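The chain contents come next:
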Amino acid sequence: MTRRVYLDNAATTPVHPKVLEEMLPYFTERFGNPSSIHSFGREAKQAIDKAREQVAKALGARTDEIFFTGSGTEADNWAIKGIAYANREKGNHIITTRIEHHAVLHTCEYLEQDGFEVTYLDVDEYGMVDTDKLKSAIKDTTILITVMFANNEIGTIQPVEEIGEIAKERGIYFHTDAVQAFGNVPIDVNKMNIDLLSMSGHKIMGPKGIGVLYIRKGVKIHNLIHGGAQERKRRAGTENLAYVVGLGKAVELAVENLDNHIHRLSGLRDRLIAGIMERIDFVKLNGHPEKRLPNNVNVSIEFVEGESLLLSLDMAGIAASSGSACTSGSLDPSHVLLAIGLPHETAHGSLRFSLGDGTTEEDIEYVLEQLPPIVDRLRAMSPLFSQYKGGKVNV
Amino acid sequence: MTRRVYLDNAATTPVHPKVLEEMLPYFTERFGNPSSIHSFGREAKQAIDKAREQVAKALGARTDEIFFTGSGTEADNWAIKGIAYANREKGNHIITTRIEHHAVLHTCEYLEQDGFEVTYLDVDEYGMVDTDKLKSAIKDTTILITVMFANNEIGTIQPVEEIGEIAKERGIYFHTDAVQAFGNVPIDVNKMNIDLLSMSGHKIMGPKGIGVLYIRKGVKIHNLIHGGAQERKRRAGTENLAYVVGLGKAVELAVENLDNHIHRLSGLRDRLIAGIMERIDFVKLNGHPEKRLPNNVNVSIEFVEGESLLLSLDMAGIAASSGSACTSGSLDPSHVLLAIGLPHETAHGSLRFSLGDGTTEEDIEYVLEQLPPIVDRLRAMSPLFSQYKGGKVNV
Amino acid sequence: MYNEKVMEYFTNPRNVGEIEDADGIAEVGSPQCGDIMKVYIKVEDNIIKDIKFQTFGCASAIASSSMMTEMVKGKTLDEALKLTNREVVDALGGLPPAKIHCSVMAEDAIRAAIKDYMEKNK
Amino acid sequence: MYNEKVMEYFTNPRNVGEIEDADGIAEVGSPQCGDIMKVYIKVEDNIIKDIKFQTFGCASAIASSSMMTEMVKGKTLDEALKLTNREVVDALGGLPPAKIHCSVMAEDAIRAAIKDYMEKNK
Ligand SMILES: Cc1ncc(COP(=O)(O)O)c(C=O)c1O
Ligand SMILES: Cc1ncc(COP(=O)(O)O)c(C=O)c1O
């Protein structure tokens, strides 16, 4: 079999062996329902309490501010709808950006159908939000600012602390989707004036299908999922015991490993970026050159289309992702790449390599070896490239 | 250590070893994101397709009618809110019962605050819904009937097929919470005219934190969780790959084992009921004597309180549950036991034993040995019992 | 959920029972709430010479009643009247927040029993 | 996602390239949609003697163009004009629903190239 190099850690990560080890007993032995008062239940309850402490500690939060959800997406939905409906009499205006994850964007769009007004802030060519524009977008009716901590496609890290300060000054709730940021960037909800923060397990070597919503004590918010009294009556449903335990462990490991992770991965990232630039012509780096996740590489490779690149890489055993519409079956390429001003055909030719703790130097060298001939082959087939060479660029 | 006898399978079940075995590779090896087009992703996608087929087959449904959720509770919330908001212009009236799970009741209550009208049908002393009462509750504005398939506390099985027919005749959507029924009762969504059906993994030896909503093709429903294009754009969030695989397997095993499960557990159930009646005075069986889940025993033991019973059983290694308010820290005992007409103090003294595939005859005999002296001891302490003996019953 | 001390007083409660010729008797709580405590006291020279209780209720209700009876036995009526639910909770090493009302019932019960004695001996 | 045949035509596409002195040329699709197909034909006695293509697009766009060129090579113009996207899909052993438009582009491309030839030779 060919070598398999996984560089799609922003899509999802494998579960860390130590995380799996912690989870395992909770499937078959310590499987009680945390709401039960017998010993099986009490054991389960304790495990959940411990995980909650691990998460709270990692964010600088209190344990009673941590709520487990069924995904990062659910955390985003809960934060935005919950704040919107609970604060409707105060106002109906929400501020967000054009480059949010669909979990935020589609939730905002749903609210627009229900009488809310949403401002989608533009970003600059690096994907950065302009805090002056943010300030001038604030109205008397603004009840929520939701800006992602770091972007999942291009890796740009937003000025979260500054945004938190603006929100605080104006008495507006501030939510941040930190699904991609947590484990890649130090986070402190108090220092950064964050009122609500979303996380997801599967981006940090935890399991898929669990998330966290941090809700600052005192924030007025409705429930999203009604039912039993779990999570202090705020999020109903029998707790995903094994995953809660796993998430707690994954968070703990991520925090322990943070410095090393940032240092090692940003080195590999920079090597990969430099290598691609050296070896392939007509390539552009997307996202901010410095304020960038340590694990994110996003490049546009002119004259070729993303899916073809991905499948060719896949045949060489390399897993990556793309902002091309072809990967999703729709016509428009990634809204993020369009928002930073890329022309459609350039956006279609974008590739994202997202590194993880399992990524090695050899992996990077392997990609740098495999990618150039793939690009050559596809460009040789591309009418856009031969037009360019012939001087008839119509892009 | 004392023997441990787990008779709280209606609260949650352990994961079946075969289910865990199927799940395991999906944490660390086959961990791809099903939306990714590379080989890791395609592998993941296939696993999800297979699980969807397993579930569809079990319900007599089509694969494109099966949606995975983060819990049974989420499935209930989605069904009810989704139908309510999508059919608002048709009407605002919902019919349900007083004995639904909180996932249904609290969702209905939330909708009441938002302009919907909800009829909560009474049930008889056995917890059965009267279909004539249901018929007369229907109005021109009725858009949804939601009646649970079988009750989680007292095990009563509702006349689902008849209700389905009534709903169909009147052109009203019919949702049933089958979280407790699936795996205990044969279910066919077409034969029973069910439009929406909720299931949960952890009641059938699958994992906790995954559920299913069956939505009949053509049903008009809003999304509950907005974001990515997963689940054919109906339920966003990266799929819980390992649990989806596990749920598929658990469902398959449950269906294979259904006849044996029903036969064996109802035998043990009847033995336990008869044994309790023989050995303890002043005991009442709650729920329907025949139309009853094969794994449910619910008895009220007069003059004693549930939590004391539970903790005493727990010290003997027996895990059960109770409808006493003391177990939840609130004052009112179970709404289900009150709905079937039990006086408060009788409801407080109720015990539920829920059997599972791991339950043995020895387990039942052990309970029948341990329970009577526990009851004796607590009755000896009870002022209600000495009043009764003294002829001064003030119950 | 409960600490060992509470479980010990639930499992082996002190002073369970009735006193046939009690000098004061009181019952507090109600079946609706799932808690009833009945307390019997025997008084001599203003001192609680003997005390027994019966409780229908959860483990913390049983433990609280039992602890309370131990705490007031041998005390003068005045002293016993000063017993607070906080002291019962502390003597038990703590109760879960949702169960504090059980200790309140224990306080209420001994006060009511003393009141009953006083009324009868006015 | 794709079957082996599609992957084979994507990996080893037949008839890639340009024809310098082509008799008909056409380009369909647009960079916006992420798909462009350019087709060159050489015609003799109403027969497609040679055909080449260039494609900017996803794997199924490349495979569809390549398959199309194979299917019309050596055919008369009339026969080639009758080629449908369905036939291309079938020849590829099927395409995912979201990718059917790629086969439509292939059909459009050959028709446009023939049209270009006819206009030039009117
Ligand atoms: C009847 C019924 N409905 C819904 C639920 C909720 O399911 P889950 O715990 O998966 O959220 C349960 C169990 O908790 C139940 O018994
Ligand atoms: C920025 C961002 N937000 C939200 C999500 C959604 O998280 P989940 O997949 O756990 O629902 C993701 C990843 O999918 C993401 O990258």
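Keep in mind it's a predicted model, so treat the numbers as computed, not measured.

**What to know about the overall build of chain A**
Helix and strand counts for chain A stand at 15 helices and 13 strands. Relative to the globule expectation of 21 Å for 395 residues, the C-alpha radius of gyration of chain A, 22 Å, shows essentially globular dimensions. Classification of the 395 residues of chain A by burial places 67% in the buried group. For chain A, the exposed surface amounts to about 13500 Å²; the carbon and sulfur share of it is 48%. Across chain A, 42 positive and 53 negative side-chain charges occur, with their mean positions spaced 4 Å apart.

**Regarding the overall build of chain C**
The helix and strand inventory of chain C stands at five helices and three strands. For chain C, the sequential pattern of α-helices and β-strands runs α-β-β-β-α-α-α-α. Taking 14 Å as the expected radius of gyration for a compact globule of 122 residues, we find that chain C reaches 13 Å, a close match to that expectation. When the backbone C-alpha atoms are referred to their principal axes, chain C occupies close to 45 × 30 × 20 Å.

**Overview of the nonpolar core**
A:Leu59 and B:Leu59 are the most contacted members of the largest nonpolar core, which totals 136 residues. Apart from residues no more than four positions distant in its own chain, B:Leu59 is found in contact with B:Ile66, B:Phe182, B:Ile187, B:Asp188, B:Val189, B:Leu197, B:Met199 and B:Tyr214.

**A closer look at the site of ligand 1**
Taken together, 15 residues surround ligand 1, and among them A:Thr238, B:Thr73, B:Asp177, B:Ser200 and B:Lys203 come closest. The site occupied by ligand 1 is bordered by residues of chains A and B. Between an oxygen atom of ligand 1 and a side-chain N or O atom of B:Thr73, the distance comes to 2.5 Å. At 2.9 Å from an oxygen atom of ligand 1 is found a side-chain nitrogen or oxygen belonging to B:His202. Contact with the protein chains covers 97% of the free accessible surface of ligand 1, which is 390 Å². At three residues, helix H4 (residues 72-86) of chain B tops the list of elements feeding residues into the shell around ligand 1.

**A closer look at the site of ligand 2**
Near ligand 2 you find 15 residues, and of these A:Thr73, A:Asp177, A:Ser200, A:Lys203 and B:Thr238 are the closest. With respect to ligand 2, the chains having nearby residues are chains A and B. A distance of 2.6 Å separates a nitrogen atom of ligand 2 from a polar side-chain atom of A:Asp177. A:Gln180 is positioned such that a nitrogen or oxygen atom in its side chain is 2.8 Å from an oxygen atom of ligand 2. When the free accessible area of ligand 2 is taken as 390 Å², the share hidden by the protein chains comes to 96%. In terms of residue count, the dominant contributor to the shell around ligand 2 is helix H4 (residues 72-86) of chain A (three residues).

**Considerations on the interface of chain B and chain A**
Contact residues are listed per partner, giving 58 residues for chain B and 57 residues for chain A. Taken together, both faces of the contact between chain B and chain A bury some 4900 Å²; the carbon and sulfur share is 61%. Taken together, the connections running from chain B to chain A amount to two salt bridges. Here B:Arg42 makes a salt bridge to A:Asp314, at a shortest N to O gap of 2.9 Å. Put simply, the parts of the chain that give the side of chain B that touches chain A at least two residues each are helix H1 (17-23), helix H2 (25-28), helix H3 (39-59), H4, helix H5 (102-112), helix H9 (241-256) and helix H11 (306-315) of chain B. A per-class count over the side of chain B that touches chain A returns 24 nonpolar, 24 polar and 10 charged.

**Focus: the pairing of strand S3 (residues 47-56) of chain D**
Across nine bridges, the pairing between strand S2 (residues 35-44) of chain D and S3(D) is antiparallel. What sits directly across from D:Val39, in S3(D), is D:Phe53.

**Structural notes on the relation of the copies chain B and chain A**
When chain B is fitted to chain A, the best match, at an RMSD of 0.0 Å, comes from turning it 180 degrees and sliding it 0.0 Å along the axis. With respect to symmetry, the two chain copies, as superposed, fit the operation of a two-fold axis. Rotation axis and chain B: the residue whose C-alpha lies nearest the axis is B:Gly70, separated from it by 2.6 Å. Taken together, the interface assignments show that 98% of the residues at the interface of chain B recur at the interface of chain A, consistent with an identical surface on both copies.

**Notes on the side chain of A:His202**
Its location among the elements puts A:His202 in the loop between strand S7 (196-200) and strand S8 (211-215). Side chain to side chain, A:His202 and A:Thr12 meet in a polar contact 2.8 Å long. Here the side chain of A:His202 touches B:Thr238 through a polar contact of 3.2 Å, side chain to side chain. Once residues within four sequence positions are removed from consideration, A:His202 is found in contact with A:Ala11, A:Thr12, A:Thr13, A:Pro207, A:Lys208, B:Asn33 and B:Thr238.

**Side note on the sheet that holds strand S9 (residues 283-285) of chain B**
Residues and elements named next belong to chain B. The sheet built from four strands is open, its strands ordered S9-S10-S13-S12 with antiparallel pairing. Edge positions in the open sheet fall to S9 and strand S12 (321-322), since each of these has one partner strand only. Here S9 pairs with strand S10 (residues 296-301) via three bridges, running antiparallel. Counted as the bridge partner of Val283 is Ile301 from S10.

**Section: the pattern of salt bridges**
Side chains that carry opposite charge are capable of pairing whenever their charged atoms lie near each other. All names here are of chain A. A full pass over the atoms with the stated rule returns 51 salt bridges over all chains. Its salt-bridge partner being Lys191, residue Glu161 comes within 4.0 Å of it at the nearest N-O pair. Within this pair, whereas Glu161 is found in helix H7 (residues 160-170), its partner Lys191 is found in the loop between strand S6 (173-177) and S7, the two being separated by 30 residues in sequence. We classify Glu161 as partly exposed; its relative accessible area is 34%. For Lys191, a relative accessible area of 54% puts it in the exposed group. In this structure, the salt-bridge partner of Asp195 is Arg216, at a minimum N-O distance of 3.2 Å. Of this pair, Asp195 sits in the loop between S6 and S7 while Arg216 sits in the loop between S8 and helix H8 (230-233), and the two are 21 residues apart along the sequence. Residue class for Asp195 comes out buried when judged on its relative accessible area of 12%. A single network of salt bridges, built from pairs that share partners, joins Arg62, Asp64 and Lys217.

**Digging into the domain arrangement of chain A**
All names here are of chain A. What the domain assignment reports for chain A is domain 1 (17-256) and domain 2 (258-382). Of note, the centres of domain 1 and domain 2, computed from C-alpha atoms alone, are 28 Å apart. Across the boundary between the two partners, domain 1 contributes 29 residues, which contact 22 residues of domain 2. Between domain 1 and domain 2, roughly 2000 Å² of surface is buried when both sides are summed, and carbon and sulfur atoms account for 58% of that area. In terms of surface lost to domain 2, no three residues of domain 1 exceed Glu153, Ile154 and Asn184, which account for 35% of the buried area on that side.

**A few points about the sheet that holds strand S5 (residues 142-146) of chain B**
Residues and elements named next belong to chain B. Reading across the sheet, the seven strands line up as S2-S8-S7-S6-S5-S3-S4 and stay open at both edges, with mixed pairing between neighbours. In the strand order of this sheet, the two ends are held by strand S2 (66-69) and strand S4 (117-121), each with one partner. Neighbour-to-neighbour, the strand axes of the sheet open up by a mean angle of 20 degrees, direction not taken into account. Here four bridges tie S2 to strand S8 (residues 211-215), and the two strands are oriented antiparallel to one another. Within S8, the position partnered with Ile66 by the bridge is Tyr214. Set on the sheet, H5 makes contact with strand S3 (93-97), S4, S5 and strand S6 (173-177); between it and S4 the angle comes to about 145 degrees.

**Focus: the state of the cysteines**
Here the structure, examined in full by the defined rule, presents zero disulfides over all chains. This cysteine, C:Cys102, is not joined by any disulfide, and C:Cys58 carries the nearest cysteine sulfur, 3.8 Å off.

**Details of the packing of helix H3 (residues 39-59) of chain A against helix H9 (residues 241-256) of chain A**
All names here are of chain A. Here H3 crosses H9 at 30 degrees, and the two axes come no closer than 8 Å. Put simply, H3 runs roughly parallel to H9. Regarding H3 and H9, the two cross each other, and that crossing is left-handed. Contacts between H3 and H9 involve Ala44, Ala47, Ile48, Ala51, Gln54, Val55 and Ala58 on the former and, on the latter, Leu241, Val244, Val245, Gly248, Lys249, Val251, Glu252 and Val255. Residues that form the contact of H3 with H9 fall into these classes: 11 nonpolar, two polar and two charged.

**Overview of the arrangement of the chains**
Across the five pairs of chains that are in contact, the largest number of contacts falls between chains A and B. Chain C shows no contact with chain D. Their nearest C-alpha atoms sit 52 Å apart.

**Some words on helix H11 (residues 306-315) of chain A**
All names here are of chain A. In terms of burial, H11 is a largely internal element, nine of the 10 residues being buried. Its side-chain oxygen 2.9 Å from the backbone nitrogen of Glu307, Glu305 forms the N-cap of H11. The first or second residue beyond H11 is Gly317, which carries a positive phi of 85 degrees.

Each value, and the rule that gives it
Residues numbered from 1 in each chain as written. Chains lettered and ligands numbered in written order. Predicted model: local features only at pLDDT ≥ 70, side-chain atom pairs only at ≥ 80, totals over all residues. Heavy atoms only, no water. Helix = DSSP H or I, 4+ residues; strand = E, 2+ residues; numbered from the N terminus. Rg over C-alpha atoms; globule rule 2.2 N^0.38 Å. Buried < 20%, exposed > 50% of the residue type's maximum accessible area, 1.4 Å probe, protein only. Areas by Shrake-Rupley, 256 points an atom, 1.4 Å probe, with all protein chains shown as cover. Lys, Arg positive; Asp, Glu negative; His and termini not counted. Charge placed at Lys NZ, Arg CZ, Asp CG, Glu CD. Core = buried A, V, L, I, M, F, W, Y, C linked by side-chain atoms within 4.5 Å. Contact = heavy atoms within 4.5 Å. Near = heavy atom within 4 Å. Polar contact = N/O pair within 3.5 Å; in protein donor to acceptor, adjacent residues only side chain to side chain. Buried area = accessible area lost by both parts, 1.4 Å probe. Salt bridge = Lys/Arg side-chain N within 4 Å of Asp/Glu carboxyl O. Nonpolar A, V, L, I, M, F, W, Y, C, P; charged D, E, K, R; others polar. Pairing = 2+ DSSP bridges. Least-squares fit on C-alpha atoms with pLDDT ≥ 70 in both. Domains from an automatic or database assignment. Axes fitted to C-alpha atoms, helices over the stretch in contact; angles between N-to-C directions. Disulfide = S-S within 2.5 Å. Parallel < 35°, antiparallel > 145°, perpendicular 65-115°, else oblique. Left-handed = near helix turned anticlockwise from the far one by under 90°.

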